[in-house]
Amino acid sequence: QVQLVESGGGLVQTGDSLRLSCAASGGTLSSYTMGWFRQAPGEGHEFVGQSWTGGTSMYANSFMGRFTISRDNTKNTVWLQMNGLKAEDTAVYYCAADLGFGGSEWSSYEYWGQGTQVTVSS
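Residues numbered from 1 in each chain as written. Predicted model: local features only at pLDDT ≥ 70, side-chain atom pairs only at ≥ 80, totals over all residues. Heavy atoms only, no water.

Visitor: Before we move on, could you go through the sheet that holds strand β7 (residues 67-72) and cite the residues and values that matter?
Guide: Taken together, the four strands give an open sheet; going across it, the order is β1-β3-β8-β7, and neighbouring strands pair in antiparallel fashion. Single-partner strands in this sheet number two, and they are β1 (3-7) and β7. Within the sheet, the average angular offset between the axes of one strand and its neighbour, ignoring direction, is 15°. As defined by bridge partners, strand β3 (residues 18-25) adjoins strand β8 (residues 77-82) across six bridges and the pair is classed as antiparallel. Residue pairing across strands places A23 opposite T77, the latter belonging to β8. (Pairing = 2+ DSSP bridges. Helix = DSSP H or I, 4+ residues; strand = E, 2+ residues; numbered from the N terminus. Axes fitted to C-alpha atoms, helices over the stretch in contact; angles between N-to-C directions.)

What follows is the structure, given as structure tokens:
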């Protein structure tokens, strides 16, 4: 069973950048499609993007050009680079793992981390 631990969240200001990390243990990262989601207060889980096992990534339209997902299978780590942060990016950010092709639905994934809070102050 894969355990996922996110880190790197915090309080930043509008326009700042932040890089979140997701460390995987108990499994081989190269076998998993890795997704990033976020959840703002009172909202559901919003799909940010995903990285397939070969490293190719795709993003929800809202995040293209601003957020970037990368991974290093040798380090069992996935990152979410967030640039040009806005107040509306304030949310808890989660990584998720799937042995299949992932997708934009939270329930498509098999494992989820506990999340890391990102707060963007205007």
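Read on for the rest.
Visitor: Quick rundown of the packing of aromatic side chains? Include the residues and the values.
Guide: The way to describe two aromatic rings as a pair is by their centre distance and the angle between their planes. With the rule as written, the count across this model stands at seven aromatic pairs. Plain terms: the ring middles of Y94 and W106 are 5.3 Å apart, the flat faces sit at 80° to each other, and that makes the pair edge-to-face. Of this pair, Y94 sits in strand β9 (residues 91-98) while W106 is found in the loop between β9 and β10 (111-112), placing the two residues 12 residues apart along the sequence. Classification of W106 as partly exposed rests on a relative accessible area of 21%. An aromatic cluster is present here, built from F37, F47, Y94, W106, Y109 and W112 joined pairwise through their rings. (Phe/Tyr/Trp six-rings, centres within 6.5 Å; stacked < 30°, edge-to-face > 60°. Buried < 20%, exposed > 50% of the residue type's maximum accessible area, 1.4 Å probe, protein only.)

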